[in-house]
Amino acid sequence: MGRKNRPRQRAQQNRDGRAEGKRSRDDAGWGAGYSEIIKENKLFEHYYTELKIVPEGEFEEFMQAMREPLPATMRITGYKSRQEAVSMIPPLLMKIEPQHKILDMCAAPGSKTAQLIEMLHSDMDIPFPEGFVIANDVDNKRCYLLVHQAKRLNSPCIMVVNHDASSIPRLYFDQDGKKDILFYDRILCDVPCSGDGTMRKNIDVWKKWTTSNSLQLHGLQIRIAVRGVEQLAVGGRMVYSTCSLNPIEDEAVIAALLEKSEGALELADASADLPGLKYMPGITSWKVMTKEGQWFSDWSEVLKSRHTQIRPTMFPPTDPEKLASMKLERCMRILPHHQNTGGFFVAVLVKKAPMPWNRRYPKGESPAEGNPSVPDTPDLLEVKKDDVCGQPICSVCSSPPPPKKMKLFGFKEDPFVFLTEDDPIFPPVQAFYDLSPDFPKLNVLTRTREGKKRNLYMVSKELRNVLLNNSERMKVINTGVKIWSRNTDGEQFGCAFRLAQEGVYTLCPYIRARILNISVEDVKVLLTQENPFLSKLGDDAHNQAKKLGQCHSEDLNAPQCPIDLCGWRGKTSIRAFVPRNERLHYLRMLGVEVFRDKQGKRNDGSTEIPEGSAEDAEGLSQEADLLEQEGEEMEQNGSESNANGPEPIGSTCDGSAS
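Keep in mind that what you see is a predicted model, and the values were worked out from it rather than measured.

Undergrad: Please provide a residue-by-residue account of the overall build of the protein, values included.
TA: In terms of regular secondary structure, the protein is built from 20 helices and 25 strands. Looking at the protein residue by residue over its 658 residues, the buried ones come to 54%. Here the protein has roughly 30,000 Å² of accessible surface; of this, 49% comes from carbon and sulfur atoms.

Undergrad: Give me helix α14 (residues 461-470): which residues, what numbers.
TA: Burial analysis of α14 places seven of its ten residues in the buried class, the great majority of the element. Looking only at α14, the buried set comprises E462, L463, N465, V466, L467, N469 and N470.

Undergrad: Would you mind going over the pattern of salt bridges in detail, with residue names and values included?
TA: If you walk through the whole model with that rule in mind, you get 15 salt bridges. Two residues, R227 and E230, come together in a salt bridge whose shortest N-O distance is 2.7 Å. Placement of the pair is R227 and E230 together in helix α8 (residues 211-230), with a separation of three residues, close to one helical turn. Taking relative accessible area as the criterion, R227 reaches 2% and is therefore assigned buried. The buried category is assigned to E230, whose relative accessible area is 1%. Close ionic contact of E251 with R333 constitutes a salt bridge, the shortest N to O distance being 2.6 Å. Residue E251 is found in helix α9 (residues 251-261), and its partner R333 is found in strand β12 (residues 332-334); the two are separated by 82 residues along the sequence.

Undergrad: Any chance you could break down the UniProt feature "active site" (unreviewed entry) in the protein for me, citing the residues and the numbers?
TA: Annotation from UniProt places "active site" (unreviewed entry) at C243. The residue C243 is located in the loop between β7 (232-242) and α9 in this model. The partly exposed category is assigned to C243, whose relative accessible area is 24%. Apart from residues lying up to four places away in sequence, C243 is in contact with C193, G195, D196, G197, T198, G343 and F344.

Undergrad: Explain the UniProt feature "binding site: S-adenosyl-L-methionine" (unreviewed entry) in the protein to me, using residue names and the numbers behind them.
TA: UniProt's feature table lists "binding site: S-adenosyl-L-methionine" (unreviewed entry) at C106, A107, A108, P109, G110, S111, K112, D137, D164 and D190, given in the numbering used throughout. Locating A107 in the fold gives a position in the loop between β1 (101-104) and α5 (111-120). Residue A107 is classed as buried on the basis of its relative accessible area, which comes to 7%. For A107, the residues in contact, after removing those within four places along its chain, are T113, A135, N136, D137 and L146.

Undergrad: Before we move on, can you summarise the sheet that holds strand β16 (residues 417-418) with the specific residues and values?
TA: Strand order across the open sheet formed by five strands is β16-β17-β18-β20-β21, with antiparallel pairing between neighbours. The strands lining the two open edges of the sheet, one partner per strand, are β16 and β21 (497-499). Two strands pair when backbone bridges link them, and strand β18 (residues 455-458) and strand β20 (residues 481-486) are joined in this way by four bridges, in the antiparallel orientation. The residue of β20 that forms the bridge with M458 is V481.

Undergrad: Quick rundown of the packing of aromatic side chains? Include the residues and the values.
TA: Applying the stated criterion to the full structure yields 14 aromatic pairs. Arranged with centres 5.6 Å apart and planes meeting at 10 degrees, the rings of Y47 and W295 form a pair that is stacked. Its relative accessible area of 1% is what places Y47 among the buried residues. Relative to F62, the ring of F59 has its centre 5.5 Å away and its plane inclined at 45 degrees; by these criteria the two rings are tilted. Taken together, the residues span about one helical turn, with F59 and F62 both in helix α3 (residues 59-67) at a distance of three residues.

Undergrad: Give me the lowdown on the packing of helix α2 (residues 42-51) against α3, citing residues and values where you can.
TA: At their nearest, the axes of α2 and α3 sit 12 Å apart, and the two run at 140 degrees to each other. When the interaxial angle is binned, α2 and α3 end up oblique. Considering how the two elements wind past one another, α2 and α3 form a crossing that is right-handed. Residues F44, E45, Y48 and T49 of α2 pack against F59, F62, M63, M66 and R67 of α3.

Undergrad: I'd like a description of unusual backbone geometry, backed by residues and values.
TA: In this model, A108 is joined to P109 through a cis peptide bond whose omega is 5 degrees. Topologically, P109 is positioned in the loop between β1 and α5. You will see that D176, though not glycine, has its phi angle at about 55 degrees, which is positive. Using a relative accessible area of 79% as the deciding quantity, one classes D176 as exposed. Within the chain, D434 stands out as a residue other than glycine whose phi angle is a positive 50 degrees.

Undergrad: An account of the pairing of strand β6 (residues 184-190) is needed here, citing residue identities and associated values.
TA: Of all the seven residues making up β6, six are buried; the element is thus mostly covered by neighbouring parts of the structure. Where β1 meets β6, three bridges bridge the pair, whose relative direction is parallel. Counted as the bridge partner of D104 is L188 from β6. Here β6 pairs with β7 via six bridges, running parallel. Its bridge partner lying in β7, L188 is registered against V239.

Undergrad: Summarise the environment of K327; cite the residues concerned and give the values.
TA: Within the fold, K327 resides in the loop between α10 (320-326) and β12. Overall, K327 belongs to the partly exposed group, its relative accessible area being 35%. Through-space distance from the C-alpha of K327 to that of I283 is 9.6 Å; in sequence the pair is 44 residues apart.

Undergrad: Hey, could you go over the side chain of R186 for me, with residue numbers and the actual values?
TA: Tracing the sequence through the fold places R186 in strand β6. For the buried residue R186, which engages in no salt bridge, the nearest side chain bearing the opposite charge is E97, 5.3 Å off. When sequence neighbours within four positions are dropped, the list of residues in contact with R186 reads M94, K95, I96, H100, K101, I102, L103, L232, G235, G236 and R237.

So, how was this worked out
- Residues numbered from 1 in each chain as written.
- Predicted model: local features only at pLDDT ≥ 70, side-chain atom pairs only at ≥ 80, totals over all residues.
- Heavy atoms only, no water.
- Helix = DSSP H or I, 4+ residues; strand = E, 2+ residues; numbered from the N terminus.
- Buried < 20%, exposed > 50% of the residue type's maximum accessible area, 1.4 Å probe, protein only.
- Areas by Shrake-Rupley, 256 points an atom, 1.4 Å probe, with all protein chains shown as cover.
- Salt bridge = Lys/Arg side-chain N within 4 Å of Asp/Glu carboxyl O.
- UniProt positions renumbered as here; feature names shortened; annotations may be inferred.
- Contact = heavy atoms within 4.5 Å.
- Pairing = 2+ DSSP bridges.
- Phe/Tyr/Trp six-rings, centres within 6.5 Å; stacked < 30°, edge-to-face > 60°.
- Axes fitted to C-alpha atoms, helices over the stretch in contact; angles between N-to-C directions.
- Parallel < 35°, antiparallel > 145°, perpendicular 65-115°, else oblique.
- Left-handed = near helix turned anticlockwise from the far one by under 90°.
- Lys, Arg positive; Asp, Glu negative; His and termini not counted.

Have a look at this one:
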């Protein structure tokens with residue numbers, strides 16, 4: 001069997017396998033015998049009744065909403081002129097601008113990170129915004145899920161790193177010829193939490209919920225938040241959020257930060273930033289309850305035997321003036337029954353001055369803020385001994401300080417190696433695609449130091465700066481966007497690299513050759529047929545493809561946005577290399593029906609799948625995904641990416657109408 005037919009057959013086998021698996025499960029009666037989870041937890045009801053976070057007379061409505069399934073919500077990817085509702089709120093409160101340097105401290109699985117990237121690219125005329133997003137997560141496996149989410153947005157301004165957020169290293173960058181500390185303009189601190197606001201979709205929380213979850217997480221949440229405000233630039237904003245309704249994880253953390261900041265932090269009033277949002281203001285009085293149901297109203301009431309589980313920062317400040325100055329009512333708690341959402345908590349902090357423990361050093365600066373030569377550790381906090389257990393206690397969060405040694409998790413990643421000014425790999429690529437003189441070739445990198453470079457990636461110049469100055473300080477999982485992939489057959493035509501679809505939007509402003517401007521009908525042909533003959537294209541596109549010169553055509557029925565595709569031209573055929581999600585998306589934009597009902601029928605009632613149909617396109621798009629996965633194998637074996645001759649030549653197809 002020819003290699004060219006393998007991906008298509010494998011895609012069909014996958015579809016057949018899924019259908020057979022579903023029939024087998026249905027025949028076996030899967031799902032029968034599982035008892036339905038009872039959505040009741042008396043301790044939960046007792047706890048929140050006592051705390052009075054729900055307005056009087058609304059508690060039954062609140063509980064009824066918690067038992068109802070969460071409605072499905074959708075968010076449109078905004079910056080390509082093309083999750084759960086409350087989880088979209090924190091990025092909206094950050095007021096992102098294209099020049100902002102952003103840290104997402106606990107980023108996985110990545111829905112909020114995706115929002116941040118979109119906001120960074122709000123101006124489509126700027127291919128490389130000055131800002132960037134560094135997305136961090138402590139879980140190595142979840143970092144790869146984060147990479148998958150971010151990859152869909154094809155941004156050169158995203159970096160995924162793997163660190164404990166409570167001890168994430170301080171980074172440096174070159175500025176005006178000297179090395180400075182990197183302070184972030186915006187920080188998203190969406191901390192790990194007990195998640196009792198997610199009961200509507202995570203029904204396991206009903207039977208697992210206990211107050212001990214919040215008591216155990218409180219110290220970690222403060223340590224992460226402290227590390228965040230340390231790395232926040234003066235004048236910057238940090239959004240603290242949880243999907244918990246518990247004040248121990250919410251207002252108590254904010255109050256602890258404000259109290260120890262000695263005026264360096266201010267709780268911002270964000271009510272005007274989300275008009276129409278229904279929320280409850282933060283509370284100023286709460287109690288602490290053990291999992292056995294014992295209540296404490298003040299730290300002085302807590303028995304010494306419980307001092308290791310219950311800490312002073314879990315209680316509201318006792319000084320009325322200090323409590324009033326914090327303005328905790330500016331916090332926002334979203335209750336499920338008010339707008340048919342999940343439960344959520346969010347607060348916006350603005351940094352007015354360096355943190356006080358950073359001001360106790362000469363010249364008003366700490367070693368970490370004023371002297372890059374001092375080793376970076378998050379140990380700038382005053383440390384004292386606990387009066388009960390004798391263990392070191394952090395004066396800010398009243399819990400053990402974070403570890404000083406950076407810990408690396410998971411597998412060792414391949415290096416990030418930037419091309420040099422005289423790298424011999426670049427001139428053929430530059431000539432083949434006639435790249436404009438302002439193309440930032442020094443921002444191109446590979447993932448190998450030796451041997452053939454299989455893929456070329458691009459990052460913004462700001463992320464390049466960060467990478468070059470911090471390669472030994474942080475564990476980078478992924479960064480940038482893939483722009484070229486090696487194809488050994490291309491070497492005989494002067495260029496060993498073909499365009500990668502995910503990087504085509506980044507490259508388009510710089511490519512001046514090998515561009516075909518084609519009609520909407522030509523786009524449909526390319527996206528619904530595997531290897532269409534050149535004659536299947538319109539006359540204008542056919543002539544362009546044969547000449548591979550830069551041409552122009554118009555289509556009055558074209559969509560009012562550019563569609564950029566990359567592909568290969570053979571001797572007699574042409575092929576688009578477009579992943580499944582983009583292929584189906586573009587077809588839908590062009591008015592081609594891409595979905596079938598459960599019986600496999602199209603909207604017109606027919607079951608026939610003609611050549612070039614959208615159903616056939618779905619199979620082709622799955623094949624394109626498989627081809628992408630098998631790309632390295634195909635490159636190593638010199639396999640051709642189309643069926644009609646040994647002359648594949650890299651090209652980019654622009655489906656826009658000017």
